[in-house]
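Remarks on the overall topology
One letter stands for each residue in the lines below.
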Amino acid sequence: MVKLGKLKSLGISEPWQAALYPPVGYIDCRFPITHFNVGGYQEGIVFTFVGKLKPNSIELEYKQSIRVKARLFDDSGNELRFMLFTNKRNVEQVKQKLLESDWIALLGEVSYLGATMWCHKAKQIEVSEVGKVMPQYNGKRGVLKPETVLHWQKQHLHEVMPQAETELRELLHKIFNSNKQIREILRCHNMTLKEVLAQAHFPDTPEQGERCIKILNRVAAVAMLSELKKISHRLTEQHRQPLNLTKWRENCSGLPFQLTHEQTSAVERITNDLAKPHVLKAMLIGDVGSGKTAVYGLVVAAVIKAGGRVAIMLPAKNLAEEKHQEFCRYWPELDAQLVCDGAKVINEDSALWIGTTGLLSKKWKHDFDLVVIDEQHKFGTEQRNALLAGTTSLLEVTATPIPRTYCWMRHGLVPVYTLRECHVNKEFVSRIYQRQEGKLLLQSVFKSLNAGSKILIICPRKEDADNPSPDNPMADLNSVEDMHQKWSKLIQRNQSKFNKHIIVGKAHSGIDAQTNETTMQAFKTGQINILIATTVVECGLTVPNLNHVLIYSPERLGAVTLHQLRGRGARAGGTCCFDMFLPYKVSDKSLARLEQIRTTTDGFELALLDMQNRGVGDIKESGTLQHGASNIGVYGQTVPLSLIEEIGAQIDMEIKT
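Values in this document were obtained by computation on a predicted structure and should not be read as measured data.

Let's talk about the nonpolar core
If you look at the biggest cluster of nonpolar residues, it comprises 73 residues, and the most contacted ones within it are Phe-176, Leu-186, Trp-408, Ile-619 and Ile-647. Listed in part, the 43 residues of the second largest apolar core include Leu-245, Trp-248, Ala-320 and Val-397.

Here it is as structure tokens:
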């Protein structure tokens, strides 16, 4: 019996599903370089190299990681130098593999250093792979290496492919009425499903493999659209007792400000939808400062005064406390109860409960009529659904919906109420700084300090890496602890340049909650001028005069997180500098993504870009993966939104329901 082993970490539960886990690309090893002539090949291009190893050329170099340096020779005696990066645990294994045979095959980029030819970013491959097209699979960081997936496919693909072919054919026949429709939609006129699967994994040419992956992507898109249609039907079948919320305007008297036309319209639409005899699952979307709390607060007040029960869940204690205070101030008659660390419940029979995930561990006597999830993107699917009973409506609130939810919205599965107006005039000046522009960035920060602004500096890690090696992708990233030391010394050396005494603070999850809370309060009141932190401050931080936010290694953070961090600035209006500093070179793809963030300040638009970049995730009702591959029909593939919508337009009238 074929066992999956660690391949289960890819979302695969049955061996046949591995045949539906196609490669993400191919390396063409058909034309190896066997003559190491300096200047004969273009630098920066990936080639396959084959040569004889000189055993006594192996050297070990100990730096942050261990480098195994060696040389290959061609038949004319020309040499090719290369380095393999490893760590103390694997160094002997790497050396042994090099010494197993006289002939060595490498993958890597051509580079030249004087009269010496180098294989840059070298990776040893089996000599048996030379002359073939080598599939490249995704693994799972820290769990499963791509090489392990390749090895499994070589060993077991022929065993599991017949069942995969059968399952795929059954899936397609459940959706379409004829083979003709299937071939037209998949653009698969001259190939069988068996040929598509076999050639996707082990093609004769890269072009052949890429064609088969495109066919499988179309299979995945079809399966996703079928699933979305089923979900749509199920959602309309969920009934409940309607609520009479026509008197919601009476609750406006508790607010210290007038509603905008946009807010009024949003409350009107939500209360009208809640008055229908169907369970409501909807999204309220608006950027920081658009007044989302006032909108859902009025809805909550109306539900409770109509005899309903409501829970509001937020991702952090300080946010929960802040919302609880607001509700007690605006609508004291609702008797809101707070559920979080240190909070004391006064009235167990209250109809309104506000809290963190502590709400999930409490035993409730009665079901809720409405659950509000504020900062939706901070919770997993299971957490967001845990408080729901069969007749509970759900209102999720965010500036940037997660990809899975955005996909549901895009296909009309959930109503969307959008707030685009802001109560204050604000402007964000977003910039990207490369390492060589560090002095310019420093001048900008100093200028902001002298203008009276506070500075928020975000680092991707809290402490320095324990294991600085190529196996640890976080090894070279700046940490809060390291940056706190550096910035403290920098400010101390330049204290005379400032018109006041500058204090640097720090906050991250490795510091106890009370100390973090004290630090955050000092930052708010101005006792601390520069706060260096992790993304622990992503949500709920409102700091007067915070008009400069600096992100170290922004490529490590998602679009949604970066947008939320940018939204911490200029909360009371004005101009905020949002700087993204790249201490190390990043890929063109990462730079393009950061450029999108730099030029786009609309959270709704960024959520769309985020979905396009990261994939829609597991769109099933029971799905927990909020971005990435959908794993419906085909596994591990991030299907482009454009393809889903293209096929959706074609099959809308043809798909079985």
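Comments concerning the packing of helix 2 (residues 146-175) against helix 4 (residues 193-201)
Relative orientation of the contacting elements helix 2 and helix 4 amounts to 140 degrees, with a least axis distance of 9 Å. Relative to helix 4, helix 2 is oriented oblique. In the crossing of helix 2 with helix 4, the sense of the turn from one axis to the other is right-handed. Facing helix 2, whose interface residues are Gln-153, Leu-157, Met-161, Ala-164, Glu-165, Leu-168, Arg-169 and Leu-172, helix 4 presents Leu-193, Lys-194, Leu-197, Ala-198 and His-201. Its residues assigned to classes, the contact of helix 2 with helix 4 comprises eight nonpolar, two polar and three charged.

Details of the packing of helix 4 against helix 5 (residues 206-236)
For the pair helix 4 and helix 5, interaxial distance at closest approach is 8 Å and the crossing angle is 125 degrees. In terms of orientation, helix 4 and helix 5 fall into the oblique class. In the crossing of helix 4 with helix 5, the sense of the turn from one axis to the other is left-handed. Contacts between helix 4 and helix 5 involve Glu-195, Val-196, Leu-197, Gln-199 and Ala-200 from the former and Gln-208, Gly-209, Cys-212, Ile-215 and Leu-216 from the latter. For the contact of helix 4 with helix 5, the per-class residue count stands at six nonpolar, three polar and one charged.

As for the packing of aromatic side chains
Counted by the stated rule, this structure contains nine aromatic pairs. A ring pair is formed by Phe-446 and Phe-498, whose centres lie 4.9 Å apart and whose planes are at 75 degrees; its orientation type is edge-to-face. Within this pair, whereas Phe-446 is found in helix 11 (residues 438-450), its partner Phe-498 is found in the loop between helix 12 (480-493) and strand 18 (504-507), the two being separated by 52 residues in sequence. Residue class for Phe-446 comes out buried when judged on its relative accessible area of 11%. Among the residues examined, Phe-498 registers a relative accessible area of 9% and is labelled buried.

Considering the sheet that holds strand 14 (residues 393-398)
The strand order 11-12-10-13-14-9-15 describes an open sheet built from seven strands, whose pairing is parallel. The outermost strands of the open sheet, each flanked by one partner alone, are strand 11 (337-339) and strand 15 (416-419). Here the strands of the sheet are splayed against their neighbours by 15 degrees on average, with no regard to which way each runs. Looking at chain direction, strand 11 and strand 12 (residues 352-355) are connected through three bridges and run parallel. Bridging across to strand 12, Leu-338 finds its partner in Ile-354. Its contacts with the sheet put helix 7 (residues 292-305) on strand 9 (281-286), strand 10 (310-313), strand 12, strand 13 (370-374), strand 14 and strand 15, and the angle it makes with strand 13 is roughly 165 degrees.

Structural notes on the pairing of strand 7 (residues 116-125)
Counted residue by residue, strand 7 has seven buried out of ten residues, so it is predominantly covered. Bridge count for strand 6 (residues 103-113) against strand 7 is eight bridges, and the pairing is antiparallel. Across the sheet, residue Leu-113 finds its bridge partner in strand 7, namely Thr-116. Following strand 6, the chain reverses through two residues before pairing antiparallel with strand 7; Gly-114 in that reversal takes a positive phi of roughly 65 degrees.

So, the side chain of Asp-74
Mapped onto the secondary structure, Asp-74 falls in the loop between strand 4 (66-73) and strand 5 (79-86). Summary of buried charges: Asp-74 has no salt-bridge partner, and the nearest side chain of opposite charge, Lys-52, is 11 Å away. Of the polar contacts made by the side chain of Asp-74, one reaches the backbone nitrogen of Phe-36; its length is 2.9 Å. In terms of polar contacts, Asp-74 uses its side chain to reach the backbone amide nitrogen of Gly-77, at 2.9 Å. Once you skip the residues sitting within four places of it in the chain, Asp-74 turns out to touch Thr-34, His-35 and Phe-36.

Calculation rules
- Residues numbered from 1 in each chain as written.
- Predicted model: local features only at pLDDT ≥ 70, side-chain atom pairs only at ≥ 80, totals over all residues.
- Heavy atoms only, no water.
- Core = buried A, V, L, I, M, F, W, Y, C linked by side-chain atoms within 4.5 Å.
- Buried < 20%, exposed > 50% of the residue type's maximum accessible area, 1.4 Å probe, protein only.
- Axes fitted to C-alpha atoms, helices over the stretch in contact; angles between N-to-C directions.
- Helix = DSSP H or I, 4+ residues; strand = E, 2+ residues; numbered from the N terminus.
- Parallel < 35°, antiparallel > 145°, perpendicular 65-115°, else oblique.
- Left-handed = near helix turned anticlockwise from the far one by under 90°.
- Contact = heavy atoms within 4.5 Å.
- Nonpolar A, V, L, I, M, F, W, Y, C, P; charged D, E, K, R; others polar.
- Phe/Tyr/Trp six-rings, centres within 6.5 Å; stacked < 30°, edge-to-face > 60°.
- Pairing = 2+ DSSP bridges.
- Lys, Arg positive; Asp, Glu negative; His and termini not counted.
- Salt bridge = Lys/Arg side-chain N within 4 Å of Asp/Glu carboxyl O.
- Polar contact = N/O pair within 3.5 Å; in protein donor to acceptor, adjacent residues only side chain to side chain.

In short, the description is geometric, and any link to function would need to be established separately.
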